Every structure is written in C-alpha cells, then in structure tokens.
Amino acid sequence: MVESIITFRNVTKKYKDTVILENINFELKKGRFYTLLGPSGCGKTTTLSLIAGFTDESSGDILMNGQKINHIPANKRKINTVFQDYALFPHLNVFDNIAFGLKIKKKSKNEINEKVTEALKMVRLPGFGDREISEMSGGQKQRVAIARALVNEPEVLLLDEPLSALDMKLRKEMQYELRELQKRLGITFIFVTHDQEEALAMSDEIFVMNHGEIIQRGTPTAIYDEPLNKFVADFIGESNIIEGTMIADGKVKFVGKTFECVDGGMNANELIEVVLRPEDIEVTESQKGKVVGTVISQLFRGVHYEIVCTDIDGNEWKIRSTKKVEVGASVGLNFEPEAIHIMRANESEAEFYQRLEKYQGS
Ligand SMILES: Nc1ncnc2c1ncn2[C@@H]1O[C@H](COP(=O)(O)OP(=O)(O)OP(=O)(O)O)[C@@H](O)[C@H]1O
Ligand SMILES: [Mg+2]
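Because the structure is predicted, anything quoted here is derived from the model rather than measured. Within each chain, residues carry numbers counting from 1 in the order of the written sequence. Labels follow written order: the first chain is A, the first ligand is 1, and so on. For a predicted model such as this one, the threshold for reporting local features is a pLDDT of at least 70, and the threshold for listing and counting side-chain atom pairs is 80 or more; totals across whole chains, interfaces and linings nevertheless cover every residue.

1. A short note on helix α4 (residues 138-150)
And step 1. Secondary structure counts use DSSP, requiring at least four H or I residues in a row for a helix and at least two E residues in a row for a strand, with both numbered from the N terminus. A helix is expected to span 1.5 Å multiplied by its residue count minus one. In this model α4 runs 19 Å from its N-terminal to its C-terminal C-alpha over 13 residues, within 8% of the 18 Å that 1.5 Å per residue would give.
And step 2. Any residue with 12 or fewer other C-beta atoms within 10 Å of its own C-beta is exposed, any with 20 or more is buried, and the rest are partly exposed; the C-beta atoms used are placed from the backbone. When you tally the buried positions in α4, you get 10 out of 13 residues, the bulk of the element.
And step 3. Of the residues making up α4, those classed as buried are K141, Q142, R143, V144, A145, I146, A147, R148, A149 and L150.
And step 4. Structurally, α4 contributes buried residues whose contacts are with β6 (79-82), α2 (94-104), α3 (109-122), β7 (156-160) and α5 (168-185). Whether two residues are in contact is decided by their C-beta atoms, placed from the backbone, lying within 7 Å.

See the structure below:
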C-alpha cells in the first residue's frame, strides 16, 4: 500500500466569521500528482496555504507522514511552493535565485554548486546560471521558479496555477514537462488550476472544489465519465443534461422514451438528471435514431463539427461529430447504454461512489 503524505482531518478555515473552507477531509498518497480544480474563489490557494503553513487552520488537523504539523512553521515543513507570478528575485541572477534557500541553510559552496547545476538540468536550463532574470522568457522564469523549489528537495511540491501566464503552446509543453518531472522525481505534486483540460491531462487524481468544499474526487476518467452532479458535469467538459425518470435499475426514461442504461440503485420512478457527453452521441438518419432532433446550428472546429439540435421536448443537444449535417434537417441521435450517466439530486460523494461500485463493479 502506498503511504499517505498529507492528511486533512475536519479542516475548517475561517477569516473572521466567514467560512472559506468547510470541514475538508482527504488523504494524499506519496508520489502522486494531485490537482485542485475549481472556479475562482473556491478555496484552492487557501488549501495550499494551509498545507504549506502560510496560514493557520481555524479547526481540524493537518498531518504530514502521519504526524500532526498544525504548529510546525512553514520553513520547517519539507514542502515548497511554486507561485503563478514566479516570485523570483529580480536583482539576483538565475543561479543565485535557485541557490537562495541553500545559502540560508548555510550549505557549503560545493554542495550549492552541485545542487543548483543539477536543478538547472532537471528543468532543462543547463548553463543558464549566469543569466539575469530580466533576460529570461516567461516559460524560462517559470522553470527557474520550479528549480528553486526543487533544490530544497521537498517531499511535497505545491504549484499554484504555475502555467496560467504562459501562451497555449508553451503551456502544453510545460504540462508535459511537469508531469514527466513529477514521475521522474517521485515527489508528491499538488497542482492548482481552474483549467479542466489541464487537470484532466496531468493528474493522477483530481479534487473538484466549489464554495470551500470538495465536491468530487477521483481519477480524470472517473470524474469525466461519472460526474456526481451538475456542477461537476458542467465544470469538467461539455455535457447535455436532460431531466428524466429512473424506471428501474438499468432503465431510464427521458424525452418520452425508455432506454437501457448501466446505472441503478435509485428509487422506482425517481426523478433524476441524465448526462450525455457531446462526443458520445452519434448522428444518423432520423428513423435510425433513439432520439430525433432538428439541427439548429453547426460549427466546424477543425477536427470535428459542433452540432446543436433540439428534440421534441425542446431540450438542446450538443453533439461532436466528424459528419457534416444540414441546418434545419431532421437527424437521428444515437448513444450507447454506457454513455448515459445518471445524476441524483443531493447525493453525497460517498453515497454516489458506493452506489456506483455496487452497480458497475468498478
Ligand atoms: N486573507 C484573507 N482574508 C479574507 N478573505 C480571504 C483571504 N484570503 C482569501 N480570502 C477569501 O477566501 C476565498 C477563497 O480564496 P482562495 O484564494 O483560496 O481562492 P482560489 O480558489 O485560489 O481562487 P483563484 O482561482 O481566484 O485564485 C475567497 O472568497 C477569498 O476572497
Ligand atoms: Mg488562487
């Protein structure tokens, strides 16, 4: 079993009387890549600050390697942080920026030289030590910031939206590099982003947050394929959400028809919502479709067409298709039983995963 490294037990954070994080519980395992994903103001940075020790919890316990660290100051935790704005020292060159922490710790010149050279190699900037910070590009500065954190050999690296200042192409490259670096070093990374694609591409596990709570946690595929509720379904990828009724286990009714599905464990005739991902819907001739829709728009997106249809109940259906259709045409929409995801109102994360396990054996 992989050991846990950071544990939150009933952690609450308040500023004055305002609750910022409410009763957060989690256990992070060593050597994994975690992502906190959620909209602005949901409490991602606050969670990192609590782990780093930059701010105190109002109640609850924070553990590292099984030991309570509530009262351990930030500089005594083997945790380093990479910030969005790099926070490099502009008056120091690249080498001295990276060496800063080691100098404070009074390491020998030789050791500092060795470690900084090694860190520069790790972030693919060998030989850049003498450069001034002002001579570095955005992506290079971010690598210096990462090297400066890694040189302290942290057990946990916190990264607060480290890539958001970079352009798309560089950002994708850095996503790949960060992920490779994490695998190579085997350090636990806790990465913050509000970009769902980035979270899906990089993480072992994602924590979806909203209003100071963890709404759902799971692997990227689990969260994408089985969103717990509307918030998660909307936040992670695009989805069609349609009201329906659960007739029985494996049988769901929506747009006036009953369909086979793979979910169960609800009450008979319970009102539920159905999630269907745009890429899980196939466009066909109208008489061959499970649902018939009228095409109201079509956009070419490079690799696929983004089609919007309405059904007879007036629901809008977004579809991602490689086939072209005619606006105004009547088309058939098909989907597999596995593509139908059912969401119950007010189901907790624990109840949701118990039910899934029972009905899908996952
Ligand atoms: N020092 C503080 N005093 C009072 N309120 C604070 C303080 N720091 C953060 N907050 C509030 O706590 C909430 C969560 O803030 P936090 O910075 O954790 O959000 P975030 O998820 O990181 O958002 P973003 O994506 O915009 O960075 C916000 O409502 C914010 O206004
Ligand atoms: Mg933040």
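2. Side note on the sheet that holds strand β4 (residues 59-64)
And step 1. What makes two strands pair is DSSP finding at least two bridges between them. Reading across from one edge, β2-β1-β4-β5 is the order of the four strands in this open sheet, with antiparallel pairing throughout. On the outer flanks of this sheet lie β2 (18-29) and β5 (67-68), each paired with one strand and no other.
And step 2. Fitted lines through C-alpha atoms serve as axes, helices being fitted only where they are in contact, and the angles separating the N-to-C directions of these axes extend from 0 to 180 degrees. Relative to the sheet, helix α1 (residues 44-52) contacts β1 (4-15), β2 and β4, its axis offset from that of β1 by approximately 120 degrees.

3. Quick word on the pairing of strand β8 (residues 188-193)
And step 1. Among the six residues that make up β8, six are buried, leaving the element largely enclosed by the rest of the structure.
And step 2. Of the two faces of β8, the one lined by T188, I190 and V192 and the one lined by F189, F191 and T193 are each fully buried.
And step 3. The pairing of strand β3 (residues 33-37) with β8 spans five bridges and is parallel. Paired with Y34 across the strands is I190, a residue of β8.
And step 4. Where β7 lies against β8, five bridges are found, and the strand directions are parallel. Directly across from L157, in β8, lies its bridge partner F189.
And step 5. In terms of handedness, the path from β7 via α5 over to β8 forms a crossover that is right-handed. The handedness rule is simple: strands pointing away from the viewer, and a clockwise path from the first strand over the helix to the second, make the crossover right-handed.

4. A look at the sheet that holds strand β17 (residues 305-310)
And step 1. Ordered by their spatial adjacency, five strands build an open sheet running β15-β19-β16-β17-β18, and the pairing between neighbours is antiparallel. The two strands at the open ends of the sheet, each matched to only one other strand, are β15 (282-285) and β18 (316-321). The mean inter-strand angle of the sheet, taken between neighbouring strand axes irrespective of direction, is 50 degrees.

5. Overview of the UniProt feature "domain: ABC transporter" (unreviewed entry) in the protein chain
And step 1. UniProt positions are given in the numbering used here, feature names are shortened, and annotations may be inferred rather than shown by experiment. The sites that UniProt annotates as "domain: ABC transporter" (unreviewed entry) are residues 6-236.
And step 2. What you have in residues 6-236 is 36% helix and 27% strand, and the ends, taken at the C-alpha atoms, are 25 Å apart.

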